[in-house]
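Fold and geometry: a report
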Number of protein chains: 2
Amino acid sequence: MSAPISLADLTDLASAVLERAGTAPAAARSVAAALVAADADGLASHGVSRLPAYADQVASGKVAGHAVPQVERVGAAALRVDAADGFAFPAVDSAIAEALAMLPTAGVVTAAIANSHHFGAAGYAVERIAAKGAIGLAFSNSPGAIAPWGGSKPLFGTNPIAFACPRAGDQPPLVIDLSLSLVARGKVMVAAQKGEAIPEGWALDAEGHPTTDAKAALAGTMLPMGGAKGAALVLMVELLTAALTGSNAGFEASSFFTADGPPPRIGQLLVLINPGPLSANRFAERVETILTAMLAEPGVRLPGSRRLSLRAKAEAEGVTIPPALMTTLLRYRDGA
Amino acid sequence: MSAPISLADLTDLASAVLERAGTAPAAARSVAAALVAADADGLASHGVSRLPAYADQVASGKVAGHAVPQVERVGAAALRVDAADGFAFPAVDSAIAEALAMLPTAGVVTAAIANSHHFGAAGYAVERIAAKGAIGLAFSNSPGAIAPWGGSKPLFGTNPIAFACPRAGDQPPLVIDLSLSLVARGKVMVAAQKGEAIPEGWALDAEGHPTTDAKAALAGTMLPMGGAKGAALVLMVELLTAALTGSNAGFEASSFFTADGPPPRIGQLLVLINPGPLSANRFAERVETILTAMLAEPGVRLPGSRRLSLRAKAEAEGVTIPPALMTTLLRYRDGA
């Protein structure tokens, strides 16, 4: 067990790793902030554990480290953002800033982000929108992992949906963030490494048959949450991202984990909504009425409550990074 | 087995039933068209089987038969629509017409529909948006049927999500339409009437425990599709509808089936997106690439394909209405 590292120090380290690999300083800061925020929230799979793969992709040119996101207004309420084969986070930052500026007059703004990369924890984007008083919705596609319902080929990604809304007073936003696979593919990878079986219902083998063999599952597809209905949502997100942004579909996208191949060029869609006028200024009262009714039920917790308590602890005490990962990050930073 | 009735004749009959109960002619036509479209698509539970309950609600004043939807622009891309305690369909019609007019300059338009009633088949709204070349997203809440995850009280509705997008050439739009309960509550009602058990996993009893007793399930709650993730989507839709439109939450809303009590005053949210500029005019090609990849898989069908084939048959041959229902509709029409 290594000692915790403060979030500020971890952000500096992450940024240095990315810069060393050839990422522009501003982009490196944006990516580092997103990854460290995930670690602070207990989402280690979307945290600095991604850095070695990210750095390798910058070094190989699969991610353009000096890409400058291009933001174009294509309507009074619509932005087309070209991530230009760079990381997703700087493009998302630019999209949110421009969309928030348009929102008071527009009422709703959408930003379609094309030629993009790993979205990270989808809640990170929408929470920052909600912190500015707006509702945020976000969708991303990702490399193929899930088959269409009835099929066996991993055409679509695990395609997250995220939602956040502001709350009354100084309460933090409510954040909902879910990927559309029943379980994360990482759980199957862990089972395969340990030689353990996986529960039926998680995955199909390469022929499209249910399997409890983790290795067969990795060669096959992940099952969506919610069966056929969930598979329909996976398709909806694919159309709202790959098609609406003019980007690659899951089955066309290269891996987020390896340095070889072309850029993944996937898509993200953001929707920002100003709730005041649409709700005749009843939004805040309605949200609190609904959440109060939920919390009056024994055993009910609000989505994100565990994440927020972990974050508070991380802000006070830092986070603990596995020693092997820390050694790797220091090696990347020092170019050793 | 009674003889089929043409869609035009069924629409006339439905409209007459609603007018007889006190619905304004234009509203009656709007509601009738929506219900008959559902019957044509094989969605009888959202078709003219609803008419007796609808007519009773107009007669009792629970639905304002002469309500005129109020459409107000609250932003360059945002509409607030007050259904004014009337049926949802005329308010949705007004919202779509105004939103489509704003869409070419805005790029995205949202319409928040307040003080509304049963949304019907959610795909009906978005399909008409997609038929005009835009992407449509729709959400509705509904009277309490699903508990928050970990709870036992039916706070939230079955809260449908619908999506439609245009397709290349003269192909009909792709429509995705799903409610967020694992199965429709109507299936539990049928089992209860027959004295049959229901499969585990469909519902909880009033204490929040899994049950296979259909009567206990009716006194309890329906389980969401997709477990905890689905429950999070239910909450997301509740916040996008009840809260964002300033309307009743599921647990505050009266039944769509009974004539007593106050109006349900629930909410709907529509989002219309112009895909051309956002996708750099790649949308149509991307959609067809994705759907072609799906259909290349043996055993995969596109969402809505069964619905479209039933519709073609209904347009050619009419639909068959159960004799008891037809007798009831004629009695309502004739005020007997």
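Residues numbered from 1 in each chain as written. Chains lettered and ligands numbered in written order. Predicted model: local features only at pLDDT ≥ 70, side-chain atom pairs only at ≥ 80, totals over all residues. Heavy atoms only, no water.

Moving on, we get to the packing of aromatic side chains. All names here are of chain A. Applying the stated rule across the entire model yields 2 aromatic pairs over all chains. Between Tyr54 and Phe87, the aromatic rings sit 5.1 Å apart at their centres with planes inclined by 35 degrees, giving tilted as the arrangement. Linking Tyr54 in helix α3 (residues 51-60) with Phe87 in the loop between β2 (78-82) and α4 (88-106), this pair joins segments that are 33 residues apart in sequence. The exposure classification of Tyr54 matches that of Phe87, with both residues buried. The ring of Tyr124 carries the charged tip of Arg128 above its face, separated from the ring centre by 4.1 Å. (Phe/Tyr/Trp six-rings, centres within 6.5 Å; stacked < 30°, edge-to-face > 60°. Helix = DSSP H or I, 4+ residues; strand = E, 2+ residues; numbered from the N terminus. Buried < 20%, exposed > 50% of the residue type's maximum accessible area, 1.4 Å probe, protein only. Lys NZ or Arg CZ within 6 Å of the ring centre and 35° of its normal.)

The next subject is the pattern of salt bridges. Counted according to the given criterion, the structure contains 28 salt bridges over all chains. Two residues, A:Arg73 and A:Glu98, come together in a salt bridge whose shortest N-O distance is 3.1 Å. On the criterion of sequence distance, the pair formed by A:Arg73 in strand β1 (residues 70-75) and A:Glu98 in helix α4 is long-range, its members being 25 residues apart. Classification of A:Glu98 as partly exposed rests on a relative accessible area of 27%. Note that B:Glu127 and B:Arg311 form a salt bridge whose closest N and O atoms lie 2.8 Å from each other. Of this pair, B:Glu127 sits in helix α5 (residues 123-130) while B:Arg311 is found in helix α11 (residues 305-317), placing the two residues 184 residues apart along the sequence. In this structure B:Glu127 comes out as buried when scored by relative accessible area, which is 13%. Taking the relative accessible area as the measure of exposure, B:Arg311 reaches 18% and is therefore buried. Because the salt bridges share partners, they merge into one network encompassing A:Asp41, A:Glu127, A:Arg307 and A:Arg311. (Salt bridge = Lys/Arg side-chain N within 4 Å of Asp/Glu carboxyl O.)

Right, let's talk about helix α8 (residues 227-245) of chain B for a bit. Residue and element names in this part refer to chain B. Between the first and last C-alpha of α8 there are 27 Å, a value that for 19 residues agrees with the 27 Å anticipated at 1.5 Å per step. Most of α8 sits out of view: 16 of its 19 residues are buried. With its phi angle positive at about 70 degrees, Gly246 sits one or two positions after the end of α8. (Expected span 1.5 Å × (residues − 1).)

On to the sheet that holds strand β5 (residues 161-165) of chain B. All names here are of chain B. Judged by pairing direction, the sheet is mixed, and its 7 strands sit side by side in the order β1-β2-β3-β9-β4-β5-β6 without closing on themselves. Unpaired on one side and paired on the other, β1 (70-75) and β6 (174-178) mark the two borders of the sheet. Averaged over all adjacent pairs, the angle separating strand axes in this sheet is 15 degrees, with direction ignored. With respect to the sheet, α8 is in contact with β2 (78-82), β3 (108-116), β4 (135-140), β5 and β9 (266-273), its orientation differing from that of β9 by roughly 105 degrees. (Pairing = 2+ DSSP bridges. Axes fitted to C-alpha atoms, helices over the stretch in contact; angles between N-to-C directions. Contact = heavy atoms within 4.5 Å.)

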